[in-house]
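Secondary and tertiary structure notes
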Amino acid sequence: MTGPPLTVQADVAVIGAGPAGLTAAIGLRRLGVGVVVLEREAEAGGIPRITHHTGYGLRDLHRMMTGPAYAERLVQGAVDAGADLRIGAMVTDWSGDRSVMVTSPEGRWRLSAQAIVLATGARERPRSARLVPGDRPAGVLTTGMLQDVVHGGRAVSGGSIGSRAVVVGAELVSWSAVLTLREAGCRAVLMTTEHERIEAPAALVWAGRSVPGLPVSRRTRVTRIMGRHRVEAVELTRLDTGQTRTFACDTVIFTGDWIPDSELARAGGLDMDPGHRGPVVDGALRTSAHGVFGAGNLLHPVDTADVAALDGRHVAGQVARFLEGGTGPQAATRVLPGAGFAWVSPGLLRPADPPPRERLLLWATEHRSAPRVVVRQGDRVLRRRLVPWPASPGRVFRLPWSVLAGVHPEAGDVTIGLG
Amino acid sequence: MSAAEPALVDVAVIGGGVVGCAVARELAGFDVSVALIEARGDVGDATSKANTAILHTGFDAVPGSLEARLVARGYALLGDYAKATRIPVEGTGAVLVAWTDEERGSLESLRQKAIANGYLDCEILASEAVYALVPHLGPGVLAGLTVPGESIICPWTTTLAYATEALARGATLMLGTRVTGVSVADDVTTLATTRGLVRARWVVNAAGMGADVIDRMYGFDRFTVVPRRGELIVFDKQARPLADCIVLPVPSSRGKGVLVSPTIYGNVMLGPTSENLADREDTSTTAAGMEFLLGKGRAIMPSLLEEEVTAAYAGLRAATEHGDYVVDVDADRRYLLIGGIRSTGLTASMALAEHAGLQLAGAGLALAPRVGLPPVPVLPNIGEAFPRPYQRADLIESDPEYGAIVCFCERVTRGEIRDALRSPIPPCDVDGLRRRTRATMGRCQGFACGADVESALHATDLA
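For every chain, the first residue of the written sequence is number 1, and numbering continues from 1 along that sequence. Chains carry letters and ligands carry numbers; both start at the beginning, A for chains and 1 for ligands, and go up in the order they are written. Totals for whole chains, interfaces and linings use every residue, but because this is a predicted model, local features are given only for residues with pLDDT of at least 70 and side-chain atom pairs only at 80 or more, for both listing and counting. Side-chain measures were taken over the full set of non-hydrogen atoms in the model, leaving aside hydrogen atoms and water.

Considerations on the pattern of salt bridges
Residues and elements named next belong to chain B. Test applied: Every case where a carboxyl oxygen of Asp or Glu lies within 4 Å of a side-chain nitrogen of Lys or Arg is listed as a salt bridge. The helix count covers DSSP runs of H or I at least four residues long, the strand count covers runs of E at least two residues long, and both are numbered beginning at the N terminus. Any residue under 20% of the maximum accessible area for its type is buried, any over 50% is exposed, and the rest in between are partly exposed; the area is computed with a 1.4 Å probe on protein chains only.
Per the stated rule, a full pass over the model turns up 58 salt bridges over all chains. Between Asp431 and Arg434 there is a salt bridge whose closest N-O contact spans 2.6 Å. Taken together, the residues span about one helical turn, with Asp431 and Arg434 both in helix α12 (residues 430–437) at a distance of 3 residues. When its relative accessible area of 32% is taken as the criterion, Asp431 is described as partly exposed. The class for Arg434 is buried, based on a relative accessible area of 19%.

Points about the state of the cysteines
All names here are of chain B. Test applied: Here, a disulfide means two cysteine sulfur atoms that sit within 2.5 Å of each other.
Taken as a whole and judged by the stated rule, the model has 0 disulfides over all chains. In this structure Cys21 is a free cysteine whose sulfur lies 14 Å from that of Cys154, the closest cysteine sulfur available. Judged by its relative accessible area of 0%, Cys21 is buried. Cysteine Cys428 is unpaired, with the sulfur of Cys21 as its nearest cysteine sulfur at 14 Å. Take Cys428: its relative accessible area is 45%, and that puts it in the partly exposed class.

Details of the interface of chain A and chain B
The criterion, for reference: We call two residues in contact when some of their heavy atoms are within 4.5 Å. Here the buried area means the combined drop in accessible surface, using a 1.4 Å probe, for two parts upon being joined, counting both sides.
In this complex, chain A contributes 42 residues to the contact, which on the side of chain B involves 43 residues. Between chain A and chain B, a total of about 3,700 Å² is buried, with carbon and sulfur atoms accounting for 55% of that surface. Counting the surface chain A buries against chain B, the share from its top three residues, Leu131, Arg136 and Arg228 of chain A, is 15%. Where chain A touches chain B, the interface holds 6 salt bridges.

Here we look at the sheet that holds strand β17 (residues 251–254) of chain A
Residues and elements named next belong to chain A. Which entries qualify depends on this criterion: By the convention used here, strands pair only if DSSP detects at least 2 bridges between them. The angle between two axes is taken between their N-to-C directions and runs from 0 to 180 degrees, where each axis is a line fitted to C-alpha atoms and a helix contributes only its stretch in contact.
If you trace the 5 strands from one edge of the open sheet to the other, you get β10-β17-β11-β12-β13, paired in parallel fashion. One side of each edge strand has no neighbouring strand; the edge strands of this open sheet are β10 (140–142) and β13 (216–217). Here β10 runs beside β17; their pairing, made up of 3 bridges, is parallel. Looking at the pairing, Thr142 lines up with Phe254 of β17. Set on the sheet, helix α4 (residues 143–151) makes contact with β10 and β17; between it and β10 the angle comes to about 95°. This element, helix α5 (residues 172–183), spans β11 (164–168), β12 (187–192) and β17 of the sheet and lies at about 165° to β12.

A look at the side chain of Glu410 of chain B
Worth spelling out the cut-off: Contacts described as polar in this section are N or O atom pairs within 3.5 Å, which, within protein, must combine one atom able to donate a hydrogen with one able to accept it, while residues neighboring in sequence count only if both atoms come from side chains.
Looking at the secondary structure, you find Glu410 of chain B in the loop between β21 (405–407) and β22 (412–413). Engagement of the side chain of Glu410 of chain B in a polar contact is seen with the side chain of Arg438 of chain B, the distance being 2.8 Å.

Some remarks on the nonpolar core
What counts here: In these notes, a set of buried Ala, Val, Leu, Ile, Met, Phe, Trp, Tyr and Cys residues joined through side-chain atoms within 4.5 Å is what counts as a nonpolar core.
Counting residues in hydrophobic clusters, the biggest one holds 57 residues, and the most contacted among them are Leu38, Val100, Leu111, Ile116 and Leu118 of chain A. With 53 residues, the next largest nonpolar core counts Val18, Ala82, Ile87 and Leu346 of chain B among its residues.

Regarding helix α1 (residues 19–30) of chain A
An α-helical turn contains 3.6 residues, so any two residues separated by three or four positions project in the same direction. Residues and elements named next belong to chain A. Note the threshold: Residue count minus one, scaled by 1.5 Å, sets the expected span of a helix.
For α1, spanning 12 residues, the distance from its first C-alpha to its last is 16 Å, which sits close to the expected 16 Å at 1.5 Å a residue. α1 sits mainly inside the fold: 10 of its 12 residues count as buried. Listed as buried for α1 are Pro19, Ala20, Gly21, Leu22, Thr23, Ala24, Ala25, Ile26, Gly27 and Leu28. As for α1, its buried residues are in contact with β1 (7–15), β2 (35–39), α3 (67–80) and α8 (305–323). Gly32 lies just past α1 and shows a positive phi near 80°.

Re the domain arrangement of chain B
All names here are of chain B. To be explicit about the condition: An automatic or database domain assignment is the source of the domain bounds shown.
Structurally, chain B comprises domain 1 (1–89 + 151–225 + 320–383), domain 2 (94–148 + 226–318) and domain 3 (389–462). Relative to domain 2, the C-alpha centre of domain 1 lies at a distance of 29 Å. Taken residue by residue, the interface counts 35 residues in domain 1 and 29 residues in domain 2. Note on domain 1 versus domain 2: buried area summed over both sides is about 2,500 Å², and carbon and sulfur give 67% of it. The largest share of the area that domain 1 buries against domain 2 comes from Phe59, Ile152 and Met209, three residues that together contribute 30% of it.

Some details on the packing of aromatic side chains
Residues and elements named next belong to chain A. Here is the rule we go by: To pair, rings of Phe, Tyr and Trp, with the six-membered ring standing in for Trp, must have centres within 6.5 Å; the planes then decide the type, stacked if under 30 degrees apart, edge-to-face if over 60, and tilted in the middle.
With the rule as written, the count across this model stands at 8 aromatic pairs over all chains. Measuring from ring centre to ring centre gives 5.8 Å for Phe293 and Phe322, while their planes differ by 70°; the resulting arrangement is edge-to-face. Of this pair, Phe293 sits in strand β19 (residues 292–294) while Phe322 sits in helix α8, and the two are 29 residues apart along the sequence. Ring geometry for Trp343 and Trp363: centres 5.9 Å apart, planes at 25°, overall stacked. With Trp343 in strand β21 (residues 341–345) and Trp363 in strand β23 (residues 359–364), this pair connects stretches of sequence that are 20 residues apart.

Written out as structure tokens, the structure reads:
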């Protein structure tokens, strides 16, 4: 038995086998392009793999599936399409413009490609990154860790999951945490959010409501964790009054507050977006490095899995076009978040390159039930549009790409804000 | 592990922190039997684990003090020992940065102090030279003082190396064993512990945070340990290029100030705070402490604050009313106190152990060199600046487990976790595994690998 050669050559290297990476690989194979997909986890599929509730596959596969079924289908699809899928293979460094160093049980090797697609996804900020002070007891988890423990079927020595949980955050993923807790025999006794409103997808509101007596504390922050060995309580602070109270619990789940896994992008010297902290891309999902593309929640932390997958489908065509050569991209105009938004993705506009699904993705910092969107370029207001769907912190706000019609390529940065 | 209750040992060392482990290692190098008694489930699990992790030159110690002498000597001893055992050390150097006229004014006297301590390499820099050295410092730097010899070191591997070598030399390690009483007879001292009686001819008190409690069991009332909490914030590895050397504050009337330091694991650390507490086990962080540190950090290095925080934690230092180390032998009762060891104790540890040996010998403990000592142990490298298993094609080829990365943020492999669990002093919990491998200490704090790591630990519980 021999290990792989020191250098593996591929037309395209896709880094990350979640919905975006796998869908990109399927798309590339259908276009006849050779693909190696690298996944650092022991199993491919990404986050849906450990998310057991339903609601996956709507926009990309036009059906409703559970997370694991969805993940399995994408993995099988990539394998069937002929993608060379390597699991347990972690990219640790760049070793050239389009070449990376990989560690896997097979060895330490180099993967060189004509093009690279970064699809490394996003993670939830853990307690420490949120600067929540207090003791450091067992029983403080993120949703990801919770789901890995519960659905990975792993025994937990420290008894991470107790019987009374506070769920921090009221985003889509927070409801997923509530359901997972219930499966683990742990009751969510309180949900907290710093915002005015809670967010929940239709499919989950029903399920969440079926959890009896889950109160939600709005405009509330967890300001301290108490318990020497195991969580005993949290301190809750009302943002508007500064009033604090102690709330007894033995488990705290920090949900949402996503940040892209963008370390590789940054190590490659790509232009980074200060808003979402992933790489800046244009509508073709090109990064600032020649031949390096992005896809999925690395670029917009986080939208739903199907939207990430459709990034993958989109980028496959763009990469294939890149491999065929042809003319380079046009001049680009930066698209920046204005009032009421934290980021816009893609952050670069090239009129010839519409973004995936011809939509711009934004992250709102305040709630508006009928937001008025204002597009400006320099001093000029290009467009005011009343949008009939809400903008809300905790879920991606989508706008049709057409709001950027009329942008002048040489008139400077464009901002999209709430009026 | 070793027998829980040795019949009679020549020396019992109370305290498995960096100092106690160094003392046990030192004494086990002689022809005496040694028991190392630690209240917690692991060595280096209290004060020693949350150290600022600097290998100090001792440039700013009080000239003529025991601390000054032992830090300078310990710097050389530990430097050499680190090379032999592969404890990671990086010679980053340090610069003291003056932000006020008062601070600038005191640089020269600090330089003179360094000279008085036998450290001759300090140099005063003008503002531009300081910025050339650390370009990301905030505006307002007036001057600086370099200390090229200051280095960063892994405090966890250091303690573990001492304990591992002590064991290899025949010492007995008694973990989870808290000393609750002392009874001194003519030839033998009996220690009552939570795991039964321990009989020893000589006793060394290196109990750190509990040293005054043990000392009072001997009837002394010489000092009181006041736990001084130091909160620290550790920034993401992506911040590491911002701080290539240790940025130290100049002591002034504004207080001690905080430092910004690269860590041996490739992060950047900001801290510590300094706050006296009553509770000897309160290692919680506070909103006020974090706010204070972030405020300081914003002034020292604004771009640091744009990076993600990986961890925030607090350590307790065993402060006493004495300005110096207290190493004092009671020959009649065959008892040695090593107290008042501040954060410099990591650097001084081997010199303290050497000093302790001399004190004990002077008081009548026969210390004949032991023949046939085992070779110095080589510890697994967890320093970022040195090759780690995931980077080593040769190692992965010989054992694919070194190619199976489990903790992605810190790039810890299954092989390393296995090795730690099979090592002479295996970890008893996730914290202990983290101190041996770095597993789960990264930016995701276990999002990706926490469950894997817990199940690995659990698997060995059952084994």
